[in-house]
Amino acid sequence: MLYEVNAEALSSNSLFLPESTAKSFGIENKQTVTLSFGKRKIPVTVNKVHSTNDSRIFVSKNVRSELLIDTNVKYEMAYSNNELILGPIIGLLLGKSDVRLQKYLQNYLIYTMLYEQINGVLFVFCEQQIDFANEKITGYVFDPSTPDNWRKAELPFPRAVFRRVELSKKTLTGLQEKIGAGFFNAQYFDKWQFWNWMSPYEELGKHLAETTNKVTLTNVNTFIEKYNGVYLKPKNGSRGQGIYYISKKENQYLILENYQDNIQQLSSEQMTKFLSKHSFFLLQQPIHLHTFEDRKVDYRVILQKDGTGHWQCTGIIARFGNTNAISSNFKANGFAMEGTLALMTQFGYDELTAFKKNQEIISICTKMACTIDDIAGAYADLGIDIGIDKDGKVWVIEMNKRPDHDFPLFINDRKMYYSVKSNPVLYAKYIAMGN
Amino acid sequence: MKFFIQTIPSTSSTISIPFTELDKLSLQGKQTITISIGVIQKNAVLSHHNDNDRCIYISSDLLEAMSLPEFIEYEIKIQDDILFIGPILGMLVRGKIAEMNLPRIKIYKNYLIDYQHVNGLIVLFTSDGINYKKKLVNGYAYNPINKEWVEGIFPFPSAVFLRKSIKESSRKKLQKLIGNNFFNSHIFNKWEMWEWFSKSEQLKQNLPETVLAENMEEVKKLMAVYQKTFIKPRAGMQGTGIFQLSMVGKEYTLSYRVKDKNFKTILDNWEAVQLYLQSELNLQNYIVQQKIPLLRNNNRVMDNRVIVVKDQNGAWSVSGMVTKFGDIDSIVSNISSGGSAEKGWQALVEMYQGDSKQAFKKYMEIEKLAITCCEVLESKGLHLGYIGIDIGIDENHHLWVIEINNRNPDMTIALDANDFQLYYKTKSAPFHYAKWLAGFGGEKRDAL
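The structure presented is a predicted model; accordingly, all values stated were derived computationally and were not measured.

Q: How should I be thinking about the packing of aromatic side chains in this particular structure?
A: To describe a pair of aromatic rings, one takes the distance between the centres and the angle between the planes. A full pass over the atoms with the stated rule returns 39 aromatic pairs over all chains. Between Tyr417(A) and Tyr418(A), the ring centres sit 5.7 Å apart and the planes meet at 50°, which makes this aromatic pair tilted. Since its relative accessible area comes to 11%, Tyr417(A) is described here as buried. Take Tyr418(A): its relative accessible area is 2%, and that puts it in the buried class. Both rings, one in Phe161(B) and one in Phe183(B), keep their centres 5.3 Å apart while their planes meet at 15°; by these two values the pair is stacked. One end of the pair, Phe161(B), is in strand β12 (residues 159-162); the other, Phe183(B), is in strand β13 (residues 182-183), with 22 residues separating them in the sequence. With relative accessibility at 0%, the residue Phe161(B) sits in the buried group. Note on Phe183(B): relative accessible area 0%, which makes it buried. Ring pairing ties together the aromatic residues Tyr111(B), Phe161(B), Phe183(B), Tyr386(B), Phe431(B), Tyr433(B) and Trp436(B), which thus form one cluster.

Here it is, written out as structure tokens:
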């Protein structure tokens, strides 16, 4: 049921509800309830009204101005524990600055595709538009009745915020404090934190390459002894940039940099010096992923929460890399394929075996995502890179917190692409309506 | 973590768990504990061991008269100070236990293709195998190692997937044993469905207007408004036994389909229609419904079978959609009557001539409508775990709920559309859901 809100000259703190609505919520006439709009709340006295139009509610002017209710869009309502939620109010933190935000407004329309199922206030904003002192945000509300589809408005802090942009530490903690778990994909973490969080759990750790942040010659030697070679990786790198593979041949260290052809040969002394320049890197066990005609293959698992409030796999996309690269994180010279199809192609699986492997991958990724939720706060949009070795074992390579949403386009799957964009908004609605 | 269970011949009422687990389960210092296996609860002396951290020992007196197969890996959890060992799940099938044999029950293994994420004991049984008094069941347990069923007497499961309808008396007895933890046992007919859905604010605009066939005056009015109606058996499935009644001027045409052939009967006036229907059909068993001008593709009626399941988190979720096309000029779009199927998404993209944005919006609108149907059925007290809903699209792209296939909807329709992944996903869903019902599912619980 959708409601239009009208602000009238009524006695302050009053709310007029259609009889049928009040009845369905079990609210009595003259009952005092807390009306919430985003993070703002106000006590109101409910008056039941008989009306031929069941889709209109009336609030006194002070209620509208104190809650910053936008009366140009239609809302849903939910009621529990004496709290009446008018919503949803969903904020998408997408732009780095107001200028950039304005520039890309038309691109953000893709997040509003399912607005007919969302309703309420769906707005985009950037860091500089947040007014912590007055607890309000100036953002752009999706409003299809306006020529640009977006309308600048002053809004309360929302109950749900989806983050997809860099933020200052101050804003990050400020929003976390104000919005709590409704601020999702908030906290970013690096590869070392990820390993530290996951590895204590036997069930999860066994799917991760052994990692240390102590980049010393001794550790390099230990890894090489154990695994014949070792990766030197930046904590935060992505797309395979800045990754080295180190092996040893007759007391000489051989260093191969990703995407480069030349191999450096270093003595122990030179190696020590080389490592000291990379002290903020990580050493990692090399995983021998099953290749396909000399191409490295990895799989991007798109794990998202949706309108059910739970983790779901939106899709899996395999990348078949450049033949010479040491990682498959590569767009040029490679190709992509839908996950199940790739499993059948790469391993010769039949449909059923591919289904089971698919389920296994999703299960491992979901367990990790739930653990991350427990440790680092709420997430709802993750891009998890996994690989499969010769024995069919699943290795989790990396978890991306601000994942590239374009993966489905590499396999020309528009449905998956729109789902990737819509799921965080559907989840935000689930949160914003008090579930 | 998963554990094997070994039974130790002893009367000490003891359960011994690996020392390393004591801490994880916060059982340090406890002397006794209540254990729960399926619906059976017993008090046990708690002890621990160091010899195998994947093994739990249980003294045989605790498992009196029943067996807990040793070839199975079980999950454990602590809740309200009770140690749960499971999941113990069941599937109630038609027939008698004496008639069961391995070839006959082979087909049920299809539900266990994703056993790797279910674990525990899964028992296939028949009504006469239930011992309500002792809370035991005589049936077949699934052995995941050799993928075969093994006969035995097992604890009664804590959640049951019903593959047959049951009498009200059996329902009451089951309820006493496991509360509401059994699903897919209800049958309802088209008229009941219409009565429920038409009272829902969200659904009534998506329902064809429907009247009871025995009420001929109502039928006549319906014909006056819509000129074309369907006469459908209340309990029919798969488009069998459906008549189309159309009116042109004063003349009526009754069309129907028998063995893939279309037939027509011309009737001169309403009295003739009434006479014909009353003599040919047992009208008490029929409803009459407004004919929706469904979209056609090359003169083939199309509608969508939406497959909705309760997922591993207990939430309604659409696992996929298959579009069905009727045979040319057939009045129904059922594959068993000569139609074909394709993946729902592809059909929608074609319908919107490649505009994938429109197709996606419509797809999600169909999903939402299907889930709303499930929620209404649930609010009527029906416990369903998976269901097939036929949703049609008319020429104005408005959605219509055509039919609900519940209890045991045929999921091979996914195979007709060559969508094996959808078929497997749907087949494995009931036991994922049963596991959640039994308290062992859910992403959170699964985590550690």
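Q: When you look at helix α3 (residues 168-178) of chain B in this model, what are you seeing that I'm missing?
A: One full turn of an α-helix is made of 3.6 residues, so residues set three or four places apart face in the same direction. Residues and elements named next belong to chain B. If you check which residues of α3 are buried, you get Arg 171, Leu 174, Leu 177 and Ile 178. Down the axis of α3, the smallest arc covering the buried residues is 125°, so these residues share one side. Facing away from the buried side of α3, by more than 90 degrees, are the exposed residues Lys 172 and Lys 176. Gly 179 lies just past α3 and shows a positive phi near 60°.

Q: Can you walk me through the pattern of salt bridges in this structure?
A: When charged atoms on two side chains of opposite charge get close, those side chains can pair. In total, this model carries 35 salt bridges over all chains according to the counting rule given. Glu218(B) is the partner of Lys221(B) in a salt bridge, and the nearest nitrogen-oxygen pair spans 3.8 Å. Remark: Glu218(B) and Lys221(B) occur in helix α5 (residues 216-226); sequence separation between them is three residues, near one turn of the helix. Asp390(B) is the partner of Arg305(B) in a salt bridge, and the nearest nitrogen-oxygen pair spans 2.6 Å. Here Asp390(B) lies in strand β24 (residues 386-393) and Arg305(B) lies in strand β21 (residues 300-310), a separation of 85 residues in the sequence. We note that Arg305(B), like Asp390(B), is buried. Several salt bridges converge on common partners, so that one network encompasses Asp298(A), Arg300(A), Arg319(A) and Asp385(A).

About the criteria used
Every chain is numbered independently, its residues counted from 1 as its sequence is written. Labels are handed out in written order, letters beginning with A for the chains and numbers beginning with 1 for the ligands. Residues qualify for local features only when their pLDDT is at least 70, as the model is predicted, and side-chain atom pairs are given and counted only at 80 or more; totals for whole chains, interfaces and linings, by contrast, use all residues. Side-chain measures here rest on the full set of heavy atoms in the structure, leaving out hydrogens and waters. Working definition: a ring pair exists when centres of Phe, Tyr or Trp rings (six-membered ring for Trp) sit within 6.5 Å. Plane angles under 30 degrees give stacked, over 60 give edge-to-face, the rest tilted. Partly exposed describes any residue whose relative accessible area lies between the buried limit of under 20% and the exposed limit of over 50%, with all areas from a 1.4 Å probe on protein chains only and scaled to the type maximum. Put simply, DSSP H or I for four residues or longer makes a helix, DSSP E for two residues or longer makes a strand, and each gets a number counted from the N terminus. The arc under discussion is defined with respect to the helix axis, by the directions toward the C-beta atoms. Any carboxyl oxygen of Asp or Glu that lies within 4 Å of a side-chain nitrogen of Lys or Arg is treated as forming a salt bridge with it.

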